[in-house]
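What follows is each chain in one-letter form.
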Amino acid sequence: MSMDFPQFRKLEGAPNLYIIEGPKHVTEWQPMGDGKWVVHQHYASDYPRYQWVTELLQGDDPVRALTADAWEALYRERSEASADPAPGRMPWPPMRSPWQEEAAVGPLTTFGAAGHAQCLAEVASDADVRWALEDRGELPLMVLGGGSNVLMHRDWTGRMLHMNIRGVQKIADDGDAVEVVVGAGESWHAWVMHALDAGWNGLENLALIPGSVGASPMQNIGAYGVEVKDRFAWLEAIHRETGALERFDAERCAFGYRDSVFKQAEKDTWVIVRVAFRLQRSAALNTHYGAIQAELQTRGWDAGTTHLQVAEAVMAIRQSKLPDPRDIGNAGSFFKNPVVSKEAFERIQREHPEVAHYPAPDGKVKLAAGWLIDRAGWKGHRRGACGVHDRQALVLVNHGGATGAEVWALALDIMADVESKYGVRLEPEVNQVGL
Ligand code: EPU
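Residues numbered from 1 in each chain as written. Predicted model: local features only at pLDDT ≥ 70, side-chain atom pairs only at ≥ 80, totals over all residues. Heavy atoms only, no water.

Things to note about the overall build of the chain
Okay, step 1: Helix and strand counts for the chain stand at 10 helices and 25 strands.
Okay, step 2: The C-alpha radius of gyration computed for the chain amounts to 24 Å, which stays within 12% of the reference 22 Å derived for 435 residues, consistent with globular compactness.
Okay, step 3: Across the 435 residues that make up the chain, the buried fraction comes to 51%.
Okay, step 4: Looking at the chain alone, contacts between residues at least 24 apart form 60% of all its contacts between residues at least 6 apart.
Okay, step 5: Within the structure as shown, the chain displays about 19,500 Å² of accessible surface, and the carbon and sulfur contribution to it stands at 49%.
Okay, step 6: The averaged location of the 58 negative side-chain charges in the chain is 4 Å from the averaged location of its 44 positive side-chain charges. (Helix = DSSP H or I, 4+ residues; strand = E, 2+ residues; numbered from the N terminus. Rg over C-alpha atoms; globule rule 2.2 N^0.38 Å. Buried < 20%, exposed > 50% of the residue type's maximum accessible area, 1.4 Å probe, protein only. Contact = heavy atoms within 4.5 Å. Areas by Shrake-Rupley, 256 points an atom, 1.4 Å probe, with all protein chains shown as cover. Lys, Arg positive; Asp, Glu negative; His and termini not counted. Charge placed at Lys NZ, Arg CZ, Asp CG, Glu CD.)

Here we look at the sheet that holds strand 16 (residues 245-248)
Okay, step 1: Spatial strand order, 11-12-17-15-16: five strands in an open sheet with antiparallel pairing. Because the sheet does not close on itself, it has two edges, and the strands there are strand 11 (168-173) and strand 16. Mean inter-strand twist for the sheet, computed between neighbouring axes without regard to direction, equals 20°.
Okay, step 2: By the bridge criterion, seven bridges tie strand 12 (residues 177-183) to strand 17 (residues 270-280) in an arrangement that is antiparallel. Looking at the pairing, Val182 lines up with Val275 of strand 17. (Pairing = 2+ DSSP bridges. Axes fitted to C-alpha atoms, helices over the stretch in contact; angles between N-to-C directions.)

Description of helix 1 (residues 49-58)
Okay, step 1: Those residues of helix 1 that fall on the buried side of the exposure criterion are Val53, Leu56 and Leu57. Seen along its axis, helix 1 keeps its buried residues to an arc of 100°; they face one direction.
Okay, step 2: Residues of helix 1 that are buried sit in contact with strand 1 (7-11), strand 2 (17-22), strand 3 (25-31) and strand 5 (63-66).
Okay, step 3: Once helix 1 ends, the next one or two residues include Gly59, with phi positive near 65°. (Arc of directions from axis to C-beta.)

A short note on the pattern of salt bridges
Okay, step 1: All told, the structure shown has 24 salt bridges when counted by the stated rule.
Okay, step 2: Residue Lys229 is joined to Glu227 by a salt bridge in which the shortest nitrogen-to-oxygen separation is 3.6 Å.
Okay, step 3: Judged by its relative accessible area of 35%, Lys229 is partly exposed.
Okay, step 4: Residues participating in the shared-partner salt-bridge network are Asp126, Glu236, Arg247 and Arg274. (Salt bridge = Lys/Arg side-chain N within 4 Å of Asp/Glu carboxyl O.)

A closer look at the domain arrangement of the chain
Okay, step 1: Segmentation of the chain into domains returns domain 1 (7-82), domain 2 (168-232 + 270-320) and domain 3 (329-433).
Okay, step 2: Spacing between the C-alpha centres of domain 1 and domain 2 amounts to 34 Å.
Okay, step 3: In this assembly, four residues from domain 1 lie in contact with four residues from domain 2.
Okay, step 4: Here domain 1 packs against domain 2, burying approximately 400 Å² in sum over the two surfaces, 46% of which is carbon and sulfur. (Domains from an automatic or database assignment. Buried area = accessible area lost by both parts, 1.4 Å probe.)

Things to note about the side chain of Arg318
Okay, step 1: With respect to the secondary-structure elements, Arg318 resides in helix 7 (residues 307-321).
Okay, step 2: There is no salt bridge for the buried Arg318, and the closest opposite charge comes from Glu429, which lies 8.6 Å off by N-O distance.
Okay, step 3: Beyond its immediate chain neighbours, meaning those up to four positions away, Arg318 contacts Ala207, Leu208, Ile209, Pro210, Ala223 and Tyr224.

Let's talk about the sheet that holds strand 6 (residues 100-104)
Okay, step 1: Pairing is mixed in the open sheet, where four strands are placed in the order 6-7-10-8. Edge strands, defined here as strands with exactly one partner in the open sheet, are strand 6 and strand 8 (141-144). Averaged over all pairs of adjacent strands, the angle between their axes in this sheet comes to 45°, without regard to strand direction.

Re the site of the ligand
Okay, step 1: As a structural note, the neighbourhood of the ligand is formed by 24 residues, with Tyr224, Tyr257, Lys321, Asp374 and Ala393 the closest of them.
Okay, step 2: In this structure, Lys321 approaches the ligand through a side-chain N or O atom, which is 2.7 Å from an oxygen atom.
Okay, step 3: Note that an oxygen atom of the ligand is positioned 2.8 Å from one of the backbone N or O atoms of Ser333.
Okay, step 4: In isolation the ligand offers 820 Å² of accessible surface; the protein chains occlude 81% of this area.
Okay, step 5: Considering only residue class, the shell around the ligand consists of 10 nonpolar, six polar and eight charged.
Okay, step 6: Composition of the shell around the ligand by domain shows at least three residues from each of domain 2 (168-232 + 270-320) and domain 3 (329-433). (Near = heavy atom within 4 Å. Polar contact = N/O pair within 3.5 Å; in protein donor to acceptor, adjacent residues only side chain to side chain. Nonpolar A, V, L, I, M, F, W, Y, C, P; charged D, E, K, R; others polar.)

Some remarks on the pairing of strand 2
Okay, step 1: In terms of burial, strand 2 is a largely internal element, six of the six residues being buried.
Okay, step 2: Adjacent in sequence and paired antiparallel, strand 1 and strand 2 are bridged by five residues, among which Gly13 carries a positive phi angle near 80°.
Okay, step 3: Bridging between strand 2 and strand 3 involves five bridges; their strand directions are antiparallel. Note that in strand 3 the partner of Leu17 across the bridge is Trp29.
Okay, step 4: Counted along the chain from strand 2 to the antiparallel partner strand 3, the turn is two residues long.

Brief notes about the packing of helix 6 (residues 290-298) against helix 7
Okay, step 1: Two elements in contact, helix 6 and helix 7, have axes separated by 9 Å at closest approach and are oriented at 105°. Taken together, the axis directions place helix 6 and helix 7 in an arrangement best described as roughly perpendicular. Packed against helix 6, whose contacting residues are Ala291, Ile292, Glu295 and Leu296, the element helix 7 presents Gln309, Ala313, Val314, Ala316 and Ile317 at the interface. (Parallel < 35°, antiparallel > 145°, perpendicular 65-115°, else oblique.)

Here we look at helix 6
Okay, step 1: Ile292, Glu295 and Leu296 are the residues of helix 6 that are buried. End-on, the buried residues of helix 6 take up no more than an arc of 100°, which puts them together on one face. Residues of helix 6 that are exposed and point more than 90 degrees away from the buried face comprise Gln297 and Thr298.
Okay, step 2: The elements touched by buried residues of helix 6 are helix 7.
Okay, step 3: Looking one or two residues past helix 6, Gly300 carries a phi angle of roughly 70°, positive in sign.

As structure tokens, then:
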């Protein structure tokens, strides 16, 4: 069936409203009688749910197909004018949480460099996203998730959407493997811990990575030998121009090292609204990284280790090396680890036999940017309010009050110095806003 989404529906004789977001996804709007609504997400991957969505789609008696305007009129009739969005209760359209003008967005980023957005709206549902995509459509648009991978160079002249779609829903379970759909606005680390608590294993190496679930596939986050792509099932995203919801499988995401189609060919084209993961109760542990092995040994956990223990070891390692954004502003690794040709690597290794490196695809070699920056003498370097972290040279930090321009000036000097010493050009990993 080819059809445009969303589709709007109402059941005759009942107050509930429905938005069919896609061929297998329906949001149900249940009025609570006090002018507020509870929104239920239904994913129809199997019978009889699939049958139900198909019937809704056909719009046969007793289901009535509505235009978006008629749907909204019914919605408004039952909404309290001043309804406050409470957890699990979302207004639609978010007329009552309008744009916040000249919003300070520095505090929404982990780097904490000061900056404002011309207007900012928090979006908590697909419908909110569509509203915000259309409203003030003449202004450029930026989507902010957990704010852990951006550096604000200057104020953002345009609309900024702060992603806050929540929810965790298991949609398939064969007794071992599960498929779980997670709202893009959930915190990444909270989701990892939730999954481990539920016995859904496989994300333990990715504990304590700052940021949101929706941002995780954009740059295919990774740590200690695991990347998001290894546990990814699919994601859904709304097209910025058409408002259409589409589902992306791993192939369409074109995942690479800290990379995906959302940073390349389809940059600024989609708003990711939810991500589904495939996890396994019996997932094999991935503890081959030296740092994890050492940490497990120190704790006497090297035999019979659990997934949760691996997560705890990972958290301990990260806490010992990486600054906590609550204490000191940063965005994790500021640069990507550069991938160089075998010849370039051999040239560097002749001069620096101890250079940290890993094999990369196509016979290339990945160098540790942290090692290069460290050996170039930058570790712990401080310049005004910004600097290089003293325990991990790959991380630039804001000691308090640094501007994006100051951090960037430091980054450029580091890049020039590393290039002159090693002939290697570093590439920032952090998204630069307004550069
Ligand atoms: N090193 C130094 N000095 C330093 C930092 C690192 O000599 O100041 C050396 C280390 O001794 C080691 C090598 O460089 O031999 C690699 O260091 P580390 O294991 O700390 O990892 P990384 O390459 O610096 C990458 C990811 C991290 C991820 C870790 C662990 C990137 C850009 N960074 O860092 O991800 O947590 O591996 O898997 O790929 C992030 O992306 O924000 C991030 C923190």
